[in-house]
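# Observations on the model geometry
Listed here are the chains, written in short residue letters.
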Amino acid sequence: MKVFITFLILGLFILLLEANPGIKVKITQKALDYGNQLGVELLKQKLKEKTFEDWNGESTYGFFSLNYTVSKIRIDNMECPNTSLSLISGTGIKLLVENASAIATADWSVVTWLFKDSGSGAVCISGVNLTAIIKVSQNVFGHLKLSLESCKADVNDMDIELNQSYRWLYTYSTASLVTSLCSMLATNLCPQMNFLIRRINKDFSQYPVQAQIDNFAVIDYSLINSSTILESSINLDFKGTVYPVEEITEPSFKPTPFVLLNENKSMFYIGISEYFLQSASLTYYISGAFTISAEHEEMLSSYLKLTTDVLERIIPTISHIYAKPFPVIMSIRLIDAPVINLHDNKFILEFNASMEILAKTSNSTTQSMFTLNVTTRTHADFTIFNQKLLTTLCLNSFHSSLAHSNVGLFEASLLDNFLSYILQTGIIPAANFKLKDGLPLPVLDPMILMKPSIRIYEGFLLISTDIQSLR
């Protein structure tokens, strides 16, 4: 039954501060229906593995009194034909179980003033009904908190099959015994539900809200606002900020509000804002992940041997400085964090970089020849694999200008073909390699995404997906 609740809430915390989120998640009725189905199957499995506590009591029928003990109770089969999870707007979750039944085996013993007897038998329980309203709130520490606002349970009937000894006495006492056992079972259902909720709250308080991506970055997935519960969906606001691993400091920019579409065809809708992606961009920039310094053999294909004599065909003054060819080294450094813009069906990244071209002389020292300022615009393609959002950059355009030169002034546009080749075969693949680990999505284990789709809107990226349990 634990899955009924944890499936809906994703096991994350809520902070007290109301703020604009970096990530939004909407859970629809389709997800609740799947959670209901999953929860029933898990409940059946768990009940079959469980041995229940002994039942003790006294049953009286007229002058006849019977003390009984039912022990080693085991559920052999359970049917839940009518169960549902639904939402109560502004409150929480309604769990409804109607006309459930179970077949159990147990050992029993009875004591009367006339005799003692014991044995084993089967108990057929029918007409089990439960209605529970679970309120969703938060505790003083800002963690998610569930509380049982109301609960009603009843058990209509039991059929107890005992041995044939003293059958005439059982005929008089069974009706009273069934009434007692039904009442005892019904009385215990709601306290068990409350106990389960306390265990879930304990799990929530221990659930990590940060996920480390790699050696550079960590994502904060904590909830920042109270859950918005509508009749058709639960809406969760996640902080959705990426920080450097070494120092958790808030970015200078703030998230702007965005609204998910009014769709309910998929189980989950995950909205990822520009703010989230820009915080990731800033984190990798601060951490130095975008700095590239390499000899040309590491970045270019083998058939282009870049040396000073190749460059002197474009910049003749180089031949006056270097009498013989020397290998060329490039050092690329971003001037600012890449700027990310999301528009309808477009994901644009703009990089402002400094590219220094150096000659590697015979004594293994380097001499700076010139430095270019390069502005590059790329678009991004997205895929989802292994619960992560993977990004691949593709070159759109670039612009270069001469920032500094030790080989004389020249027109930077003369290097356009050279730069285009470097960017497409060296820099962009290197950046894609750094992005290969992807950004982990806020999905609770052991769930996997099923047939996710990605759409881009003004200011945010939307993932719509169903899920499937691995258990």
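What this report covers is the structure whose coordinates are included nearby. These numbers come from a predicted model, not from an experiment. (Residues numbered from 1 in each chain as written. Predicted model: local features only at pLDDT ≥ 70, side-chain atom pairs only at ≥ 80, totals over all residues. Heavy atoms only, no water.)

## Some points on the overall build of the protein chain
To be explicit about the condition: A run of DSSP states H or I qualifies as a helix once it reaches four residues; a run of E qualifies as a strand once it reaches two. Both are numbered from the N-terminal end. Relative accessibility decides the category of a residue: with a 1.4 Å probe and only protein chains considered, values under 20% of the type maximum give buried, values over 50% give exposed, and everything between is partly exposed. Contact criterion: two residues are considered in contact whenever any of their non-hydrogen atoms come within 4.5 Å of each other. Per-residue and other accessible areas follow the Shrake-Rupley method at a 1.4 Å probe size, with only the shown protein chains counted as cover for residues.
Counting its regular elements, the protein chain contains 8 helices and 23 strands. Buried positions account for 48% of the 471 residues belonging to the protein chain. Put simply, of all contacts in the protein chain between residues at least 6 apart along the chain, 68% involve residues at least 24 apart. For the protein chain, the exposed surface amounts to about 23,200 Å²; the carbon and sulfur share of it is 53%.

## Some remarks on the sheet that holds strand S22 (residues 447-457)
For the record, the criterion: What makes two strands pair is DSSP finding at least two bridges between them. Angles shown run from 0 to 180 degrees and are taken between the N-to-C directions of axes, each axis being a line fitted to C-alpha atoms and, for helices, limited to the stretch in contact.
Strand order in the open sheet formed by 6 strands is S11-S12-S1-S14-S23-S22, with antiparallel pairing between adjacent strands. Each of the sheet's edge strands pairs with one partner strand only, and the pair in question is strand S11 (228-229) and S22. Note that S22 and strand S23 (residues 460-469) share 9 bridges and pair antiparallel. Residue pairing in the sheet places Ser453 in a bridge with Ser464 of S23. In the packing of helix H4 (residues 274-286) onto the sheet, the strands contacted are strand S1 (23-28) and strand S14 (268-273), and the crossing angle to S14 comes to about 55 degrees.

## Some words on the state of the cysteines
We apply this condition: Any two cysteine sulfur atoms lying within 2.5 Å of each other are counted as a disulfide.
Across all of its chains, the model carries 1 disulfide by this definition. The disulfide partner of Cys151 is Cys190, and the S-S distance across this bridge is 2.1 Å. Looking down the S-S bond of the Cys151 and Cys190 bridge, the torsion is -85 degrees, so its handedness is left-handed. Here Cys151 is found in strand S8 (residues 144-161), whereas its partner Cys190 is found in helix H3 (residues 167-206), with 39 residues between them in sequence. Given a relative accessible area of 26%, Cys151 falls into the partly exposed group. In this structure Cys190 comes out as buried when scored by relative accessible area, which is 15%.

## Thoughts on the nonpolar core
Rules: Residue types Ala, Val, Leu, Ile, Met, Phe, Trp, Tyr and Cys, when buried and joined through side-chain atoms within 4.5 Å, form a set referred to as a nonpolar core.
Counting residues in each nonpolar core, the largest one holds 120 residues, and the members touching the most others are Met158, Ile272, Leu311, Phe347, Met369, Phe370 and Leu415. Counting residues per element, this core draws most heavily on H3, at 11 residues.

## Side note on the environment of Leu32
Mapped onto the fold, Leu32 is located in helix H2 (residues 29-49). On the accessibility criterion, Leu32 (0% relative accessible area) is buried. Along the chain, Leu32 and Ser233 lie 201 residues apart, while their C-alpha atoms are 8.9 Å from each other.

## Brief notes about the sheet that holds strand S10 (residues 217-220)
A sheet is described by the order of its strands in space; here 3 strands give the open sequence S9-S10-S13, paired in antiparallel fashion. The outermost strands of the open sheet, each flanked by one partner alone, are strand S9 (210-212) and strand S13 (241-244). With direction set aside, neighbouring strand axes in the sheet form an average angle of 25 degrees. Here 4 bridges tie S10 to S13, and the two strands are oriented antiparallel to one another. For Val218, the partnering residue across the bridge sits in S13 and is Tyr243.

## With respect to the packing of aromatic side chains
Operational definition: Any two rings among Phe, Tyr and Trp, with Trp reduced to its six-membered ring, count as a pair given centres within 6.5 Å; such a pair is stacked if its planes are under 30 degrees apart, edge-to-face if over 60, and tilted if neither. Either the NZ atom of lysine or the CZ atom of arginine qualifies as a charge over a ring when it sits within 6 Å of the ring centre and within 35 degrees of the ring normal.
Inspection of every chain in the model, using the stated rule, returns 7 aromatic pairs. Judged by centre distance (5.1 Å) and plane angle (75 degrees), the rings of Phe370 and Phe410 are edge-to-face. Placement of Phe370 in strand S19 (residues 366-385) and of Phe410 in the loop between strand S20 (388-405) and helix H8 (416-434) is noted, with a sequence separation of 40 residues between them. In this pair, the class of Phe370 matches that of Phe410, namely buried. Taken together, the aromatic side chains of Phe258, Tyr457 and Phe460 make up a single cluster linked through ring pairs. Sitting over the face of the ring of Phe258, Lys24 holds its NZ or CZ atom 5.8 Å from the ring centroid.

## Details of the pairing of strand S18 (residues 346-360)
Of the pairings in the sheet, the one linking strand S16 (residues 328-334) to S18 comprises 7 bridges and is antiparallel in character. From the neighbouring strand, Ile332 faces S18, where its bridge partner is Met355. As judged from the 5 bridges shared by strand S17 (residues 339-343) and S18, these two strands associate in the antiparallel manner. Bridge pairing in S18 places His343 opposite Lys346. Linkage of S17 to S18, two consecutive antiparallel strands, is achieved through a turn of 2 residues, within which Asn345 is found at a positive phi near 65 degrees. In this structure, S18 lies alongside S19, joined through 13 bridges in antiparallel fashion. In the strand pairing of S19, Asn352 is matched with Thr375.

## Here we look at the pairing of S1
Regular strands show a simple pattern: their side chains alternate between the two faces of the sheet. When you tally the buried positions in S1, you get 6 out of 6 residues, the bulk of the element. Of the two faces of S1, both are covered, the one formed by Ile23, Val25 and Ile27 as well as the one formed by Lys24, Lys26 and Thr28. In this structure, S1 lies alongside strand S12 (residues 233-238), joined through 6 bridges in antiparallel fashion. Considered in S12, the bridge of Ile27 is made with Ile234. Pairing of S1 with S14 involves 5 bridges; the strand directions are antiparallel. Bridging from a neighbouring strand, Ile23 pairs with Ile272 of S14.

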